[in-house]
Amino acid sequence: MIHVKTHLILFLLSFLHVVANLHATTFEERRKYILDYYSGAYPDEHYWGDNDVKTAMGYALARLETKRDVARALDMIDRMQDVPFDMFDCHENIDAYFRFSSVYPKALRDKVKRQMTTYDYTADGTTENHKLMFKTAGYLTALAFPDWENAAATMEHCRAELLKIMDETVHYGIKEYDSPTYGTFYITCFLSLYDHCKDAGFRNRVRMTLEWHLLNMAPEWMNGYLVSSTLREYEFACSPHAPSPYPLIGWLFFGGGTVPVLEQKYVNGELIVNNEGFYTVLPAITSYRVPEIITSIASDRSRAYVHKESHDMNPLSQLNYPWGFRKYTYINKTYGLAGQWDGLSLGWSGQMRRWKLVWESDAPASTFFLTHPCYYEGSAGRLSGATPREQVLQHEGTLLAMYKIESGEPYPYVTGVVPVDAIRRMEEDPSGWIFFDGGSVLFAVKFFHPYIWSEERQFRGITHKILRCDQRGTAVAVETCLPETYPAAGGKTSLDLFAADIRQKTRLDYTVRNPEYREAVYQTLNGDTLRLVYNYGRFINGEKTDYDKWCLYSNPWMEQPVNGRFLHVTYGGKSRVYDFQNWTITE
């Protein structure tokens, strides 16, 4: 009987632990959830194996922070020094040395020093995040080993480069904006610098740049979901419940929703869940705490709002010259619609997600989008990437898209995904509209030309219906609203009433005057007129959208012009002004 009672008590304690963690309402609870998992788990040999810092360092850091299985952590770190390093590895390796070298055996301290002082930190890598990681690692290595013969020169070089990176970021945005993967390293690098650098003035700039990045994420954070267009989504991020590392950092700092899945999952050897959550261990053990005004902005979804931002705006070093990227995100309590303007002829967009609709759902995936699939880097198979053949105009919860696919394109169609489990009901109308009830959102999609349903496909083990239009030139309208906008009445459901309103009030026209001129005009559910002239302009109610006047940040809580000195942040009667000329914060 005692044995049975003991098992019952253990079961109840385990159950209460799970229930307590379902929402993890405080930073300390979320931090504990991450550290508890990674201090007891092991790198999956299917993935990279524990001899690679990119995988194993999170597991080692969690063990050292919690003082659990320290011998295993030190053995992992020791073996990491014997493999080739890259920018991801050297950044985390030197961070771990700063935090925990006091428990390293002397032989391991010497081994880390040899490893870290063999680099040429003048290297930039091939991307923006590579450069930041190299310079962060070089700065901290020179700080950790002042007797290294190259310490002074490395420190001078890396400090100067980091100052340039920070100054450019806070005035012009970044190139790899809002990447579910690479956004991670902008946060972790600045956290490492914040925790370990000794120069008070430099540390203050690091803190202000870090908070600029967090303010970039906060308005697009929706109850545990990240709603944003992005240049670098290298896998179709179909599952908000098993997110990539950047949204996981959002969950750690801002909370919202239920606890995410941290386990790497495989089915028949295929990677199904690849959240790379081990990157969140470093943010979980940092001394930095996010200011309340930022967490409040990330948490307040009591009303609908529009968030605008600009990136890649430095005229001297633009990736997408001469346009840069202008983002538009609309969030309405339980769903968000995100799109962007990126000029006319992108040279590289193999990982771009130009627009998407994301909504809260108990289903494993709740993301809808359409795209003209890219023809390189295997993008078409993964449905990642987007070509310049797609141009969009968004106004609040309505989006108008237009496609003009050239004759030489290998994929002459528009295609997109509908996550089956997240749709409570779908109705196809003879008018061409398709109506969807997603539980927390009602949305409707209409191609100007006929569409088809292609064969269902699995993305990360989750079934999606594939919507497709084979017309090389067409237009698409997307409408969204909260279900509460149409309370069920008279035997009609919310979706029935939404559909009836759309059929009565909307109109989509697509006109081709000659091979070079085509336009789409859409009369929206709310009575607005959206007009998109391909390769020319976008108009809302007759007024041309002027992207030259787009702010760096603009939403109900913050404002900063491109190359602006001040970022003004307000919430609930409190204000915070970031002065990026004098590098001061006024509260």
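What you see is a predicted model, and the numbers here were worked out from it, not measured in a lab. Throughout, residues of each chain are indexed from 1 in the direction in which the sequence is written. Per-residue local features are limited, in this predicted model, to residues with pLDDT of at least 70; the limit for side-chain atom pairs, both in listing and counting, is 80 or more; totals at the level of whole chains, interfaces and linings are taken over all residues. Think of the side-chain values as coming from all heavy atoms in the structure, minus any hydrogens and water.

A.B. asks: What is the right way to look at the packing of aromatic side chains in this model?
C.D. replies: Each aromatic ring pair is summarised here by two numbers: the centre-to-centre distance and the angle between the ring planes. Two aromatic rings, drawn from Phe, Tyr or Trp (for Trp, its six-membered ring), form a pair once their centres lie within 6.5 Å of each other, and the interplanar angle then sorts them: stacked below 30 degrees, edge-to-face above 60, tilted otherwise. A complete count under the given rule lists 37 aromatic pairs for this structure. Between Tyr 536 and Phe 539, the aromatic rings sit 6.3 Å apart at their centres with planes inclined by 35 degrees, giving tilted as the arrangement. Aromatic pair Tyr 578 and Phe 580: ring centres 6.0 Å apart, planes at 15 degrees, arrangement stacked. Taken individually, Tyr 578 and Phe 580 each receive the classification buried, so the pair is uniform in this respect. Three or more aromatic residues joined by ring pairs form one cluster here, namely Tyr 37, Tyr 38, Tyr 59, Phe 88, Tyr 182, Phe 185, Phe 278 and Tyr 279. Over the aromatic face of Tyr 42 sits the side chain of Arg 63, whose NZ or CZ is 4.7 Å from the ring centroid. Two conditions define a charge sitting above a ring: the NZ of Lys or the CZ of Arg must be within 6 Å of the ring centre, and it must be within 35 degrees of the ring normal. The side chain of Arg 203 reaches across the aromatic face of Tyr 194, ending 3.8 Å from its centre. Here the term buried applies to any residue with accessible area under 20% of the maximum for its type, exposed to any over 50%, and partly exposed to those in between, with areas from a 1.4 Å probe on protein chains only.

A.B. asks: Would you take a moment to explain the pattern of salt bridges for this structure?
C.D. replies: Salt bridge, as applied in this entry: a Lys or Arg side-chain nitrogen positioned within 4 Å of an Asp or Glu carboxyl oxygen. This model, assessed by the stated rule, comprises 41 salt bridges. Here Lys 327 ties to Asp 178 by a salt bridge, and the two come within 2.2 Å at their closest N and O atoms. With Lys 327 in strand β6 (residues 325-332) and Asp 178 in the loop between α8 (151-172) and α9 (183-196), the pair connects residues that are 149 residues apart, well separated along the chain. For Lys 327, the salt bridge identified is with Glu 309, shortest N-O distance 3.3 Å. In this pair, Lys 327 is assigned in strand β6 and Glu 309 in strand β5 (residues 305-311), connecting sequence segments 18 residues apart. The residues Lys 327 and Glu 309 share a single accessibility class, namely buried. Residues joined by salt bridges that share partners form a network here, namely Asp 178, Glu 220, Glu 309 and Lys 327. Starting at the N terminus, helices and strands are each numbered in turn, a helix being any DSSP run of H or I of at least four residues and a strand any DSSP run of E of at least two.

A.B. asks: Whenever I open this one, helix α13 (residues 292-299) confuses me. Can you help?
C.D. replies: Residue pairs spaced three or four apart in an α-helix point in one direction, given the helix's 3.6 residues per turn. Within α13, six of the eight residues are buried, leaving the element largely enclosed by the surrounding structure. Among all positions of α13, only Ile 293, Ile 294, Thr 295, Ser 296, Ile 297 and Ala 298 are buried. Whether two residues touch is decided by their heavy atoms; if any such pair falls within 4.5 Å, the residues are in contact. Tucked into the core, α13 has its buried residues touching α10 (200-217), β1 (221-222), α11 (245-254), β25 (558-560), β26 (566-571) and β27 (574-579).

A.B. asks: Teacher, can you tell me more about the packing of helix α3 (residues 53-66) against helix α4 (residues 70-80) here?
C.D. replies: Two packed helices can be described by the angle between their axes and the distance between those axes. One can describe the packing of α3 onto α4 by two numbers: an axis separation of 8 Å at closest approach and a directional angle of 150 degrees. By the criterion of interaxial angle, the relationship of α3 to α4 is roughly antiparallel. Viewed along their axes, α3 and α4 form a crossing whose handedness is left-handed. Counting all contacts with α3, which are made through Val 53, Ala 56, Met 57, Tyr 59, Ala 60, Arg 63 and Leu 64, the residues of α4 involved are Val 70, Arg 72, Ala 73, Leu 74, Met 76, Ile 77 and Met 80. Residue classes follow a fixed rule: Ala, Val, Leu, Ile, Met, Phe, Trp, Tyr, Cys and Pro count as nonpolar, while Asp, Glu, Lys and Arg count as charged, and any other residue, Gly among them, counts as polar. Class assignment of the residues belonging to the contact of α3 with α4 gives a composition of 12 nonpolar, no polar and two charged. Note on geometry: axes are C-alpha line fits, over the in-contact stretch for helices, and angles between N-to-C directions span 0 to 180 degrees. Roughly parallel means an angle under 35 degrees; roughly antiparallel means over 145; roughly perpendicular covers 65 to 115; every other angle is labelled oblique. In this scheme the handedness of a crossing depends on how the near helix is turned from the far one: anticlockwise by less than a right angle means left-handed, clockwise means right-handed.

A.B. asks: For this particular structure, what's the right way to read the packing of helix α2 (residues 27-40) against α11?
C.D. replies: Where α2 contacts α11, the axes come no closer than 7 Å and their chain directions differ by 135 degrees. Of the possible angle classes, the one that applies to α2 and α11 is oblique. Listed contacts from α11 to Phe 27, Arg 30, Arg 31, Tyr 33 and Ile 34 of α2 are Trp 251, Leu 252, Phe 253 and Phe 254. For the contact of α2 with α11, a count of residues per class yields seven nonpolar, no polar and two charged.

A.B. asks: Would you mind going over the sheet that holds strand β13 (residues 425-428) with me for this structure?
C.D. replies: The strands making up a sheet associate through hydrogen bonds between their backbones, and the pairing can be parallel or antiparallel. Strand order in the open sheet made by the six strands is β10-β11-β18-β15-β14-β13, with antiparallel pairing throughout. The sheet terminates laterally at β10 (390-395) and β13, the two strands that pair on one side only. On average, each strand axis in the sheet is inclined to that of its neighbour by 15 degrees, with strand direction left out of account. Strand pairing is assigned whenever DSSP identifies at least 2 bridges connecting the two strands. Sheet topology places strand β11 (residues 398-404) next to strand β18 (residues 473-481); seven bridges connect them, and they run antiparallel.

A.B. asks: Just to check I follow, could you spell out the sheet that holds strand β22 (residues 537-540) for this structure?
C.D. replies: Here five strands make up an open sheet; going across it, the order is β19-β20-β21-β22-β23 and the pairing antiparallel. Bordering the open sheet on either side are β19 (507-514) and β23 (543-544), each of which pairs with just one other strand. Note: strand β20 (residues 517-523) against strand β21 (residues 529-533), five bridges, orientation antiparallel. Following the sheet pairing, Tyr 522 is matched in β21 by Leu 530.

A.B. asks: Mind showing me how you'd approach unusual backbone geometry here?
C.D. replies: Peptide bonds are, in most cases, trans, and in most cases residues other than glycine have a negative phi. Here Tyr 321 and Pro 322 are connected by a cis peptide whose omega angle stands at -5 degrees. Within the secondary structure, Pro 322 sits in the loop between β5 and β6. Non-glycine residue Asp 178 carries a positive phi angle of around 55 degrees. Of note in this structure, Asn 535 is not a glycine but carries a positive phi near 65 degrees. Residue placement: Asn 535 occurs in the loop between β21 and β22. The partly exposed category is assigned to Asn 535, whose relative accessible area is 40%.

A.B. asks: Would you mind going over the confidence of the model for the chain with me for this structure?
C.D. replies: Detailed reading of predicted coordinates is not advised where the pLDDT is low. Summary of the metric used: pLDDT quantifies the predictor's per-residue confidence within the range 0 to 100. Looking at the chain, pLDDT values average 91 and 93% of them are 70 or higher. Counted against residues more than four places away or in other chains, residues 1-21, with its pLDDT under 50, gives five contacts.

A.B. asks: Please clarify how the side chain of Asn 314 should be interpreted in this entry.
C.D. replies: Checked against the element boundaries, Asn 314 lands in the loop between β5 and β6. Residue classification places Asn 314 among the buried residues on the basis of a relative accessible area of 12%. Here a polar contact is taken to be a pair of N or O atoms separated by no more than 3.5 Å, where protein atoms must pair a possible hydrogen donor with a possible acceptor and residues adjacent in sequence count only if both atoms sit in side chains. Separated by 3.4 Å, the side chains of Asn 314 and Glu 168 make a polar contact. Non-local contacts of Asn 314, meaning those with residues more than four positions away in its chain, are made with Glu 168 and Tyr 172.

A.B. asks: Any chance you could explain the state of the cysteines here in plain terms?
C.D. replies: Here a disulfide denotes a covalent bond joining the sulfur atom of one cysteine to the sulfur atom of another. Our working definition of a disulfide is a cysteine sulfur pair at a distance within 2.5 Å. All chains considered together, the criterion is met by zero disulfides. The thiol sulfur of Cys 469 is not disulfide-bonded, and the nearest other cysteine sulfur, from Cys 374, lies at 19 Å. Residue classification places Cys 469 among the buried positions, given a relative accessible area of 0%.

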